[in-house]
Amino acid sequence: MEKRKALVLGATGGIGSEVAAKLVRSGWRVIALHRDPERAGRDDRFGWVKGNAMVASDVAAASSGTSLIVHAVNPPAYRDWDKLVLPMLDNTIAAAEANGARILLPGTVYNYGPDAFPNIAEDAPQNAPTRKGRIRVEMERRLRRAADEGKARVLIVRAGDFFGPKAANNWFSQGLVKPGLQPRAITYPGKPGLGHQWAYLPDVAETMLRLIERDGRLENFATFHMDGHWDADGMRMIETIRHALDTPDLPIKRMPWLLMRLAAPFVPLLRELVEMRYLWQQPVRLRNGKLEATIGAEPRTPLIEAVWTTLAAIGCCDAATKPEPRAKVIAL
């Protein structure tokens, strides 16, 4: 086993690509498994291996000699979660056992139901009210069992709704704004006045790296929550988008939940989004006390910088016109 060799499953995705890049910059050798490496873009910093996360032998071969397996792979557009998610995880667990590796899993708030709200610590009960949430709970149950049986060490880092220059399948770029277009309005999914938690992907990746570098001091089954950017009433993110676009009067539209529900039986993505509506109907905040007791202050890019970088990357503003921070935005 190479002490600083990692396999990243999902290296072309939002969090997978960010973690892989952070690992390389910190001196890790990164192997990236992909069904079609040529089509994936072939980031030359990674060692690309052709294979499928659903095929146990492919994962086993790609993971040979690794001390870390980043399990950041998900079915695209939420398709076939019930058929694909758990078999992929089982392959990762088997590979970790064979190599004595730690598994790093990006966690979600899907695992929790209203009985854990509004303030969620790592030991909160996981009574997921949705189908995807129950699958996520089962993922973590299998990981805990693997850790308890000495088959693998596990690190789970949970954060709020992702956004960032490489993020996909997220509320920021599938709800608030539309990629490739100068926004004419901000479509907000939440109730007015309710708090919501956001997580900037480069900050999440940096947090994961800092924990990985403390591997020897972590529990065999270690979970941590990030605070990210807490928007106490829904207006902080809206005002920051307005400022980043230099459009202070950009209108706010409400998410058309009724229409989405009517179309959901025919559009799988809408079905999955509607299922998660409950997370926008009440404040849900992960608490990061355990994290900061372990690594110190949580990495946190200023919100205006994070939002502008994201908007520029997804084609919603001119990358050459970065705004100056404004006192109101900073104060929010």
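Residues numbered from 1 in each chain as written. Predicted model: local features only at pLDDT ≥ 70, side-chain atom pairs only at ≥ 80, totals over all residues. Heavy atoms only, no water.

With an omega of 0 degrees, the peptide bond between F117 and P118 qualifies as cis. Take P118: it is sitting in the loop between strand 5 (102-107) and strand 6 (119-120). Unlike most non-glycine residues, D246 shows phi in positive territory, near 55 degrees. Relative to the helices and strands, D246 is located in the loop between helix 8 (235-245) and strand 13 (252-254). In this structure D246 comes out as exposed when scored by relative accessible area, which is 63%. (Helix = DSSP H or I, 4+ residues; strand = E, 2+ residues; numbered from the N terminus. Buried < 20%, exposed > 50% of the residue type's maximum accessible area, 1.4 Å probe, protein only.)

By the burial criterion, the buried members of helix 10 (residues 268-275) are E272, L273 and V274. In this structure, the buried residues of helix 10 make contact with helix 5 (131-148), helix 6 (171-176) and helix 9 (257-263). (Contact = heavy atoms within 4.5 Å.)

A few words now on the packing of helix 4 (residues 81-99) against helix 5. As a packed pair, helix 4 and helix 5 sit with axes 11 Å apart at the nearest point and diverge in direction by 15 degrees. Judged by the inter-axis angle, helix 4 sits roughly parallel to helix 5. Considering the relative orientation of helix 4 and helix 5, their crossing is right-handed. Between helix 4 and helix 5, the contacting residues are W81, D82, V85, L86, L89, D90 and I93 on the first element and R131, K132, I135, R136, E138, M139, R142, L143 and A146 on the second. Each residue belonging to the contact of helix 4 with helix 5 can be placed in one class, and the counts come to 9 nonpolar, no polar and 7 charged. (Axes fitted to C-alpha atoms, helices over the stretch in contact; angles between N-to-C directions. Parallel < 35°, antiparallel > 145°, perpendicular 65-115°, else oblique. Left-handed = near helix turned anticlockwise from the far one by under 90°. Nonpolar A, V, L, I, M, F, W, Y, C, P; charged D, E, K, R; others polar.)

Below, the discussion takes up the side chain of E206. With respect to the secondary-structure elements, E206 resides in helix 7 (residues 201-212). Classification of E206 by relative accessible area gives buried; the value is 19%. A polar contact is formed between the side chain of E206 and the side chain of K22, at a distance of 3.1 Å. Setting aside chain neighbours within four positions, we find E206 in contact with K22 and P299. (Polar contact = N/O pair within 3.5 Å; in protein donor to acceptor, adjacent residues only side chain to side chain.)

Take empty space enclosed by the protein next. Within the structure shown, the criterion is met by 2 cavities of 30 Å³ or more. Estimates place the volume of the largest cavity at around 110 Å³. Lining the largest cavity, in full, are V109, Y110, G160, D161, W171, H196, Q197, M276, L279, W280 and V284. Classifying every residue of the lining of the largest cavity gives 7 nonpolar, 3 polar and 1 charged. Considered as a void within the structure, the second largest cavity measures approximately 40 Å³ in volume. Of the residues belonging to the lining of the second largest cavity, the class tally is 4 nonpolar, 4 polar and 1 charged. (1 Å grid on protein atoms, 1.4 Å probe; cavity = no way out; pocket = protein on both sides within 12 Å on 5 of 7 lines; lining within 4 Å. Points joined across faces, edges and corners; volume = space filled by probe spheres on them.)

We now examine the sheet that holds strand 1 (residues 5-9). Strand order in this open sheet of 7 strands is 3-2-1-4-5-7-11, and the pairing throughout is parallel. One side of each edge strand has no neighbouring strand; the edge strands of this open sheet are strand 3 (47-50) and strand 11 (221-225). The sheet shows a mean angle of 20 degrees between the axes of neighbouring strands, direction not considered. Relative to strand 2 (residues 29-34), strand 1 runs parallel, the two being bridged by 5 bridges. Looking across to strand 2, one finds that L7 is bridged to I31. (Pairing = 2+ DSSP bridges.)

What follows deals with a nonpolar patch on the surface. Nonpolar side chains collect at one region of the surface, where L258, L259 and L262 lie side by side and expose about 360 Å² of accessible area between them. Relative to the assigned elements, L262 resides in helix 9. We classify L262 as exposed; its relative accessible area is 57%. (Patch = residues over 30% accessible without salt bridge, like charges linked within 9 Å, V, L, I, M, F, W, Y side chains within 5 Å. Areas by Shrake-Rupley, 256 points an atom, 1.4 Å probe, with all protein chains shown as cover. Salt bridge = Lys/Arg side-chain N within 4 Å of Asp/Glu carboxyl O.)

Another aspect to go through is the nonpolar core. L143, F163, F172, M237, I241, V307 and L311 are the most contacted members of the largest nonpolar core, which has 72 residues in total. With 8 residues, the single largest contributor to this core is helix 4. Setting aside residues up to four positions removed in sequence, F172 forms contacts with F163, V177, W198, M237, I241, V307, T310, L311 and I314. A167, L211, A222 and L291 belong to the second largest nonpolar core, which has 34 residues in total. (Core = buried A, V, L, I, M, F, W, Y, C linked by side-chain atoms within 4.5 Å.)

In this structure the tally under the stated criterion is 19 salt bridges. Two residues, D215 and R102, come together in a salt bridge whose shortest N-O distance is 2.3 Å. Of this pair, D215 sits in the loop between helix 7 and strand 11 while R102 sits in strand 5, and the two are 113 residues apart along the sequence. Residue R271 pairs with E272 through a salt bridge whose shortest N-O separation is 3.3 Å. Residue classification places R271 among the partly exposed positions, given a relative accessible area of 39%. Its relative accessible area of 2% is what places E272 among the buried residues.

Function-wise, these values are silent; they only describe arrangement.
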